[in-house]
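Residue-level structural notes
Chain by chain, the residues:
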Amino acid sequence: MGERVYVFDTTLRDGEQSPGASLNSDQKLEIARQLARLGVDVIEAGFPLSSPGDFLAVQRIAREVPGPTITALARAVRADIDSVWAAVEDAPRAQIHIVLSVSDIHIERKLRSNRHDVLRRGIEAVEYARSLCDQVEYSPEDAGRADPDYLYETLEGVIGAGATVVNIPDTTGYTLPSEFGALIASIREQVANSDKALISVHCHNDLGLATANSIAAVLNGARRVECTVNGIGERAGNASLEEVVMILRTRQKSLGLWTGVDSTRLAETSALVARQTGLFVQLNKAVVGGNAFAHASGIHQDGVLKDRLTYEIMRPEDVGMGESRIVLSPRSGRHAFQFRLAELGYHLPEEAFARAWDQFLRLADQKKEILDRDLAEIVDGVRVIA
Ligand code: KIV
Ligand code: ZN
């Protein structure tokens, strides 16, 4: 079966940072319960210091959602860390997540500080968080654009201070899969105490590479992936949970990695998050998009009707999507047309079928999709003529 990759879901924190996606505490609780049913290992429930409402939402999740580890985000300051701890401490499994920049761009232009002071601040924050909680994650923000030597030094320092997880964020979605994979491999080689902490990754999708970068990372030894349902999150979003899970599952033989997620709940989770956030899923979205298992062209339909392995690498039921769909369109072929007629109970003699097919082609040229009621009219028409 190979090694397990842990799934850290940040839909309720980074995902909720998507413009227009904010959630109230009831909505967050409903999504958190669904994430627990889905089988994620960690739920990042929010950023408690950002508002009293978010503090209460995180606290409710910590108290009412058993199963996954519950974490929340803190900057490397005591007030944030105290607020996270107060919000998550009642969870059976709690974690404090600290973020502090590591790239020179961030250190100089955002923090207006220097490497030495930032590293000291990070170490002190981890020591303080560890005095409260056994599980502390440290995220050196913008690691993807940082000087690797300073990143290694930072990681060694925070692991030495007690960080149990080090999360490597490609905050701006800048890296290429080959670069990000090599960065994870180099961390394992260069950071003397890297075996004392779990290596996690957090990839953004600015160039459409978040999922690919996350997979490159696990191939190079990361064992936790931070991701969101439907890939929502800051700007272009985060690595999409359903893509990461289905890549590891579909390519299990080649990759030798697995997750504890129940993939048959992916579609319902995706629909819930879309409904609650108002961020609807594009039809051609991998794994959970409305067209992910729809076949429209004659060549593909003929193949799928003979054996779905011809054009499907996953089964729709494996992601909770019901059945594959054969869409009747101007590009459909006779095989699909006949198949759908038979499914609807119409078995036409050869001559009537030829006339029906002819009418179908005429109508299909005028409409994007032929519905069952159109088929009924076509069949009625040819029966009257017969
Ligand atoms: O993108 C980022 O760097 C983050 C951190 C808090 C992990 O969201
Ligand atoms: Zn992020």
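For the structure, see preceding data.
1. Observations concerning the overall build of the protein
- The secondary structure content of the protein amounts to 15 helices and 12 strands.
- Counting only C-alpha atoms and orienting by the principal axes, one finds that the protein spans roughly 85 × 40 × 40 Å.
- For the protein, with 386 residues in total, the buried portion stands at 53%.
- Once local pairs closer than 6 in sequence are excluded, the contacts in the protein between residues at least 24 apart make up 73%.

2. Here we look at the nonpolar core
- Within the largest apolar cluster, 88 residues are counted, with the highest numbers of intra-cluster contacts made by I43, I98, I168, I184, I187 and L266.
- Filtering out sequence-adjacent residues up to four positions away, I98 remains in contact with A74, R75, A76, I81, A125, V126, A129, V136, E137, Y138 and S139.
- By size, the runner-up hydrophobic cluster in this structure holds 17 residues, among which are Y346, F360, L375 and I378.

3. Quick look at the coordination of the zinc ion (ligand 2)
- Only D14 (OD), H202 (NE2) and H204 (NE2) from the protein coordinate the zinc ion (ligand 2), and they sit 2.0 to 2.1 Å from it.
- Read from N- to C-terminus, the donor residues coordinating the zinc ion (ligand 2) fall into the pattern D-x187-H-x1-H. Within this pair, whereas D14 is found in the loop between β2 (6-9) and α1 (25-38), its partner H202 is found in strand β8 (residues 198-203), the two being separated by 188 residues in sequence.
- Look at H202 and you get buried, because its relative accessible area is 5%.

4. Some details on the pairing of β8
- The buried count for β8 comes to 5 of 6 residues, which makes it a mostly enclosed element.
- Direction of pairing for strand β7 (residues 165-170) relative to β8: parallel, over a ladder of 6 bridges. From the neighbouring strand, N167 faces β8, where its bridge partner is S200.
- Here β8 pairs with strand β9 (residues 224-227) via 3 bridges, running parallel. Opposite V201, over in β9, you have V225 as the bridge partner.
- Viewed along the sheet, the connection from β8 through helix α8 (residues 210-219) into β9 turns out right-handed.

5. Quick look at helix α11 (residues 266-277)
- With 12 residues, α11 ought to run about 16 Å at 1.5 Å a step, and its terminal C-alpha atoms sit 16 Å apart, in line with that.
- Burial analysis of α11 places 9 of its 12 residues in the buried class, which makes it a mostly covered element.
- Taken residue by residue, α11 has L266, A267, T269, S270, L272, V273, A274, Q276 and T277 as its buried positions.
- Lining the buried residues of α11 we find α1 and α9 (241-250).

6. Comments concerning the packing of aromatic side chains
- For the structure on display, the rule yields 4 aromatic pairs.
- Taking 5.5 Å as the distance between ring centres and 45° as the angle between the ring planes, the aromatic pair formed by F337 and W357 counts as tilted. Residue F337 is found in helix α13 (residues 334-343), and its partner W357 is found in helix α14 (residues 350-366); the two are separated by 20 residues along the sequence. The burial state of F337 is the same as that of W357; both residues are buried.

7. Describing the side chain of Q34
- Residue placement: Q34 occurs in helix α1.
- Within the structure, Q34 has its side chain in polar contact with the side chain of T269 (distance 2.9 Å).
- Ignoring any residue separated from it by four or fewer positions in sequence, one finds Q34 in contact with R265, E268, T269 and L272.

8. Re the site of ligand 1
- Near ligand 1 you find R13, D14, L73, V99, S139, E141, N167, P169, T171, H202 and H204, and these make up its full shell.
- R13 places a polar side-chain atom, nitrogen or oxygen, 3.0 Å from an oxygen atom of ligand 1.
- At 3.0 Å from an oxygen atom of ligand 1 is found a side-chain nitrogen or oxygen belonging to H202.
- Contact with the protein chains removes 94% of the 260 Å² of surface that ligand 1 exposes when unbound.
- Taken together, the elements giving at least two residues each to the shell around ligand 1 come down to β6 (136-141) and β7.
- Of the residues in the shell around ligand 1, the class split is 3 nonpolar, 5 polar and 3 charged.

9. Regarding the pattern of salt bridges
- According to the stated counting rule, one finds 32 salt bridges in the structure shown.
- R60 serves as the salt-bridge partner of E64, at 3.8 Å between the closest nitrogen and oxygen. With a gap of 4 residues between them, E64 and R60 both fall in helix α2 (residues 52-64), about one helical turn apart.
- On the basis of relative accessible area, R60 is assigned to the partly exposed category, the value being 27%.
- Between R340 and D372 there is a salt bridge, and its shortest N-O distance comes to 2.7 Å. Residue R340 is found in helix α13, and its partner D372 is found in helix α15 (residues 372-385); the two are separated by 32 residues along the sequence.

10. Observations regarding the side chain of K285
- Within the fold, K285 resides in the loop between α11 and β11 (294-295).
- In this structure the side chain of K285 is engaged in a polar contact, spanning 3.1 Å, whose partner is the side chain of E242.
- Among the polar contacts listed, one links the side chain of K285 to the side chain of E243, at a separation of 2.6 Å.
- Apart from the residues lying within four places of it in its own chain, the contact partners of K285 are N230, S240, E242, E243 and A292.

Quick notes on the rules
Residues numbered from 1 in each chain as written. Chains lettered and ligands numbered in written order. Predicted model: local features only at pLDDT ≥ 70, side-chain atom pairs only at ≥ 80, totals over all residues. Heavy atoms only, no water. Helix = DSSP H or I, 4+ residues; strand = E, 2+ residues; numbered from the N terminus. Buried < 20%, exposed > 50% of the residue type's maximum accessible area, 1.4 Å probe, protein only. Contact = heavy atoms within 4.5 Å. Core = buried A, V, L, I, M, F, W, Y, C linked by side-chain atoms within 4.5 Å. Donors = N, O, S within 2.8 Å, 3.2 Å for Na, K, Ca; no water. Pairing = 2+ DSSP bridges. Right-handed = clockwise from strand over helix to strand, strands pointing away. Expected span 1.5 Å × (residues − 1). Phe/Tyr/Trp six-rings, centres within 6.5 Å; stacked < 30°, edge-to-face > 60°. Polar contact = N/O pair within 3.5 Å; in protein donor to acceptor, adjacent residues only side chain to side chain. Near = heavy atom within 4 Å. Areas by Shrake-Rupley, 256 points an atom, 1.4 Å probe, with all protein chains shown as cover. Nonpolar A, V, L, I, M, F, W, Y, C, P; charged D, E, K, R; others polar. Salt bridge = Lys/Arg side-chain N within 4 Å of Asp/Glu carboxyl O.

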